Amino acid sequence: MAPTTQAPAAPVEPPSATTGPAPVRPGRRRATAPEAPAGLRPTRTGKLVRAVLLALASVATLFPFYAMVVLSLHPQGAVELPGSLFPWRLTGEAYTEVLGARDVPRWLFNTVVYSLVSVVGVLLLASLAGYAFAKKRFPGRETMFWSFLSMVMVPYHVTMIPTFILISKLGGVDTYWGLIVPTLANAQAVFLMRQFILGLPDEIFEAARLDGCGELQIFFRIVLPLLKPVLATLGTFVFLWHWNDFLWPLIVGQSAEMRTLTVGIASLQQEQVPLNQVLAGSVIAFVPIFSAYLVGQRYFTEGVVGSAVKG
């Protein structure tokens with residue numbers, strides 16, 4: 001029997017950049033992301049239940065705000081529930097009375113000064129301290145940082161009385177500086193700044209020093225621009241904390257002229273003020289907070305996502 005010969009196989013040419021990727025052979029599939037197990041895939045019933053639960057949670061969250069706005073626009077008189085929650089008769093007389101009152105514009109001005117100055121002071125001091133703890137080398141740095149951070153575990157009410165006694169001895173009662181200065185040392189803000197600055201490469205600072213930049217130039221020209229997301233995030237939180245702060249302004253601002261908006265609105269309930277005017281003041285106090293969040297929302301989201309990625 002004559003032996004059979006086999007023809008040599010044709011050489012396989014490598015795919016070139018011009019011809020594109022090699023065609024997929026029949027019977028083979030491209031690599032795809034692994035699918036979830038069948039038991040973990042959401043069913044139509046599960047999706048429907050989730051949508052209903054989220055809708056109920058949204059209604060429960062938004063209902064107090066809806067009731068606050070509708071009742072503030074309700075005419076002065078007895079409030080009947082649930083009839084008063086329907087917007088049939090609306091009037092703005094409560095807002096006219098509140099904004100035309102003698103003390104409310106002063107309370108609003110005090111709150112704006114207290115919140116904005118505190119935001120600027122906290123962000124500046126926290127960023128300076130965070131830069132020093134993150135990028136500077138000095139004896140006792142770690143001991144000083146963790147000792148300062150341990151103040152987070154101390155309840156605020158424990159240090160409130162000694163702080164008030166100190167401010168009172170210095171003559172800070174019923175003054176703006178007595179209201180603002182004790183709130184500027186924020187350990188949480190310093191920790192957040194330090195953790196964010198630790199992620200910045202040291203080569204940037206070394207190159208700046210080789211170019212002849214001083215420490216203040218490095219801080220204001222390099223560090224602060226890179227801190228925009230975390231500054232916006234922290235600034236939003238600090239603004240909310242100070243705008244809604246009640247206990248410390250109540251203790252320090254003992255006269256009617258030095259009250260903040262939250263303290264002033266609470267005092268209206270003791271003066272037999274109608275409910276619609278009290279709620280109108282609450283709406284006025286809520287609008288700046290919501291506006292501040294809308295302005296810093298993009299940076300707020302970037303700061304949260306960046307912190308999560310760094311973590």
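Here's what I pulled together on the structure shown here. Note that the structure is a prediction, hence the values are computed from the model and not measured.

## Focus on the pattern of salt bridges
Piece 1. With the rule as written, the count across this model stands at five salt bridges.
Piece 2. When the shortest N-O distance is used, the salt bridge between Lys 135 and Asp 202 registers 2.6 Å. Separated by 67 residues along the polypeptide, Lys 135 in helix H3 (residues 104–135) and Asp 202 in helix H8 (residues 202–210) bring together distant segments of the chain.
Piece 3. Owing to a relative accessible area of 14%, Lys 135 belongs among the buried residues under this scheme.
Piece 4. Arg 209 serves as the salt-bridge partner of Glu 215, at 3.3 Å between the closest nitrogen and oxygen.
Piece 5. Looking at Arg 209, the relative accessible area reads 34%, which means it is partly exposed.

## Let's talk about the environment of His 242
Piece 1. Following the sequence through the fold, His 242 ends up in helix H10 (residues 228–243).
Piece 2. With 126 residues separating them along the chain, His 242 and Leu 116 place their C-alpha atoms 8.7 Å apart.
Piece 3. Ignoring anything within four residues of it in the chain, the contact list for His 242 reads Tyr 114, Ser 115, Ser 118 and Thr 183.

## Some words on the nonpolar core
Piece 1. Residues Met 193, Val 223 and Leu 227 are the most contacted members of the largest nonpolar core, which totals 56 residues.
Piece 2. With 11 residues, the top contributor of residues to this core is H3.
Piece 3. The residues touching Leu 227, leaving out its near neighbours within four places in the chain, are Ser 127, Met 193, Phe 196 and Ile 197.

## Some remarks on the packing of H3 against helix H4 (residues 141–149)
Piece 1. At a minimum axis distance of 10 Å, the contact between H3 and H4 shows a crossing angle of 140°. With respect to H4, the element H3 is oriented oblique. Note on packing geometry: the crossing formed by H3 with H4 is left-handed. Of the residues in H4, those touching H3 at Ala 132, Phe 133 and Ala 134 are Arg 141, Met 144 and Phe 145.
Piece 2. Residues of the contact of H3 with H4, tallied by class, amount to five nonpolar, no polar and one charged.

Analysis parameters
Residues numbered from 1 in each chain as written. Predicted model: local features only at pLDDT ≥ 70, side-chain atom pairs only at ≥ 80, totals over all residues. Heavy atoms only, no water. Salt bridge = Lys/Arg side-chain N within 4 Å of Asp/Glu carboxyl O. Helix = DSSP H or I, 4+ residues; strand = E, 2+ residues; numbered from the N terminus. Buried < 20%, exposed > 50% of the residue type's maximum accessible area, 1.4 Å probe, protein only. Contact = heavy atoms within 4.5 Å. Core = buried A, V, L, I, M, F, W, Y, C linked by side-chain atoms within 4.5 Å. Axes fitted to C-alpha atoms, helices over the stretch in contact; angles between N-to-C directions. Parallel < 35°, antiparallel > 145°, perpendicular 65-115°, else oblique. Left-handed = near helix turned anticlockwise from the far one by under 90°. Nonpolar A, V, L, I, M, F, W, Y, C, P; charged D, E, K, R; others polar.

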